[in-house]
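# A structural walkthrough
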Amino acid sequence: MTLPPFELHRPESLEDATELATRYGEDAAFYCGGTELLLLLKLGFASFGHLIDLKRIEELRGVRAENGTLVLGAAVSHRDLERSQLLHERLPAMAKMERSVANLRVREVGTLGGNLCFSDPHSDPATFLLAVDAEVECRRGEGAARRLSIADFVVGPYQTSLQDGELLTAVRIHALPEGASVVHAKFSFHERPTATVACLARVVDGVLAEARVAVGSVGARPVRSRSAEEALTGAPVDGLAGDVLSTAGERAAEDAAPVDDATGSADYKAQLVKVLVERTFRETLA
Ligand SMILES: Cc1cc2nc3c(=O)[nH]c(=O)nc-3n(C[C@H](O)[C@H](O)[C@H](O)COP(=O)(O)OP(=O)(O)OC[C@H]3O[C@@H](n4cnc5c(N)ncnc54)[C@H](O)[C@@H]3O)c2cc1C
């Protein structure tokens, strides 16, 4: 497998990146770590005369806190997130999730932004970010930033709501509600996850005041299972009844709309989701 020839551009500002994208139109593509895009080029599934490397754009880098909100630059690698002191302090479940992505080689160069923009249905971060109600920030050149929920950003397999020439600049995660606990789990046979589940629980006076259940990697896109959340919300935590968890698992499996693919049959994945949701939700209460 060899890479076809292309011209490499290394802009240092968003404005220059957008200008290049406008100049070369459909013959140009953004790239960051290249773990998805370069593979597509090598396999002949895509072809571009111009690649626009985003790694030198300062605005896309770094992990910072803006008051209670964590702001993760789109060009931050999985490895940097896994090791970020700030993430460990503010949202350790995300640092742990990042440590489970792919392998060291991919995590070292692959980025959070690249993962979300590629929108492979088998994504750990997309599932996790749904459970924590994250927002993404997109911008084109000098234009105003557009903020949208992660649910509105990930539209379907390999499809996002990015507009022409627009870049994903950052992921924003607001502080979790007081007392909330979040856990991410995955199950994989191959390199990419077969099923991903992220659950959040907030307990007040022994009762589940808030429950969130996000499921991904089994269907066309990650989803929040509102019907599973309804089954859990209001339930007493002490000895959380098996039938409540079981109902939540069944509803989540239905809402996730599993499909047959190389990682398993839809029926198998529905069963996997049911088990993972029950187990993961229980873990949020441990
Ligand atoms: C072997 C292997 C195992 C993997 N396992 C997992 C796993 O377990 N869990 C998981 O979640 N993922 C997994 N992945 C996916 C991995 O997380 C992604 O490959 C990586 O995060 C992509 O980031 P990148 O910077 O390399 O993207 P690139 O290849 O650089 O870009 C991907 C796409 O996004 C676009 N893009 C990139 N950045 C931006 C931006 N800021 N704005 C607009 N468009 C942009 C590019 O144009 C391109 O279309 C795996 C991948 C491999 C190769």
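Placed above this text is the structure.
Residues numbered from 1 in each chain as written. Predicted model: local features only at pLDDT ≥ 70, side-chain atom pairs only at ≥ 80, totals over all residues. Heavy atoms only, no water.

### Comments concerning the overall build of the chain
For the chain, the count of helices and strands is 12 helices and 14 strands. Relative to its length of 286 residues, the chain is compact, with a C-alpha radius of gyration of 19 Å against a globular reference of 19 Å. The dimensions of the chain, computed from C-alpha atoms along their principal axes, are 60 × 45 × 30 Å. A burial count over the chain gives 50% of its 286 residues as buried. Within the chain, residue pairs in contact and separated by at least 24 positions form 61% of the contacts whose partners lie at least 6 positions apart. (Helix = DSSP H or I, 4+ residues; strand = E, 2+ residues; numbered from the N terminus. Rg over C-alpha atoms; globule rule 2.2 N^0.38 Å. Buried < 20%, exposed > 50% of the residue type's maximum accessible area, 1.4 Å probe, protein only. Contact = heavy atoms within 4.5 Å.)

### Some words on the site of the ligand
Contacts to the ligand come from 31 residues, most closely from F30, C32, T35, H78 and T111. Contact distances for the ligand include 2.7 Å between an oxygen atom and a backbone N or O atom of G33. T111 is positioned with one of its side-chain polar atoms (N or O) 2.6 Å from an oxygen atom of the ligand. Considered on its own, the ligand offers 980 Å² of accessible surface; in the complex 93% of this is hidden by protein. Counting residues per element, the shell around the ligand draws most heavily on helix α7 (residues 112-118), which supplies 4 residues. (Near = heavy atom within 4 Å. Polar contact = N/O pair within 3.5 Å; in protein donor to acceptor, adjacent residues only side chain to side chain. Areas by Shrake-Rupley, 256 points an atom, 1.4 Å probe, with all protein chains shown as cover.)

### Re the side chain of T196
Assignment of secondary structure puts T196 in strand β12 (residues 195-204). A polar side-chain atom of T196 sits 2.8 Å from a polar atom in the side chain of T127.

### Some words on the pairing of strand β2 (residues 28-31)
Of the pairings in the sheet, the one linking β2 to strand β3 (residues 50-53) comprises 4 bridges and is parallel in character. Paired with F30 across the bridge in β3 is I52. A crossover links β2 with its parallel partner β3, the connecting element being helix α2 (residues 37-43), and its sense is right-handed. (Pairing = 2+ DSSP bridges. Right-handed = clockwise from strand over helix to strand, strands pointing away.)

### A closer look at the sheet that holds strand β14 (residues 223-224)
The antiparallel open sheet is built from 4 strands, whose spatial order is β11-β12-β13-β14. Two strands close off the open sheet at either side, each with one partner strand: β11 (180-187) and β14. Bridge count for strand β13 (residues 207-216) against β14 is 2 bridges, and the pairing is antiparallel. Residue pairing for β14: V215 is matched across the bridge by V223.

### Re the nonpolar core
Core analysis: the largest hydrophobic core is formed by 35 residues, its most contacted members being M94, L116, F128, L129, V171 and I173. The dominant element in this core, judged by the number of residues it contributes, is helix α8 (residues 124-131), at 5 residues. For M94, the residues in contact, after removing those within four places along its chain, are L72, L87, L112, F128, L129 and I173. (Core = buried A, V, L, I, M, F, W, Y, C linked by side-chain atoms within 4.5 Å.)

### Examining unusual backbone geometry
The backbone of N67 sits at a positive phi, close to 55 degrees, despite the residue not being glycine. Structurally, N67 is set in the loop between β4 (63-66) and β5 (69-73). Relative accessible area serves as the criterion here: at 75%, N67 is assigned to the exposed category.

### Things to note about α8
Counting buried positions along α8 gives 8 out of 8 residues, so the element sits mostly inside the fold. Taken residue by residue, α8 has D124, P125, A126, T127, F128, L129, L130 and A131 as its buried positions. Just downstream of α8 lies D133, where phi reads positive at about 55 degrees.

### Observations regarding the pattern of salt bridges
This model, assessed by the stated rule, comprises 24 salt bridges. The salt bridge involving R212 is made with D133; its shortest N-O contact spans 3.8 Å. You can see R212 sitting in strand β13 and its partner D133 sitting in the loop between α8 and β6 (135-139), a full 79 residues away along the chain. Taking relative accessible area as the criterion, R212 reaches 6% and is therefore assigned buried. (Salt bridge = Lys/Arg side-chain N within 4 Å of Asp/Glu carboxyl O.)

### Concerning a nonpolar patch on the surface
Taken together, the side chains of M1, L39, L43 and F45 make up a nonpolar region of the molecular surface, amounting to roughly 460 Å² of accessible area. Tracing the backbone shows L39 in helix α2. (Patch = residues over 30% accessible without salt bridge, like charges linked within 9 Å, V, L, I, M, F, W, Y side chains within 5 Å.)

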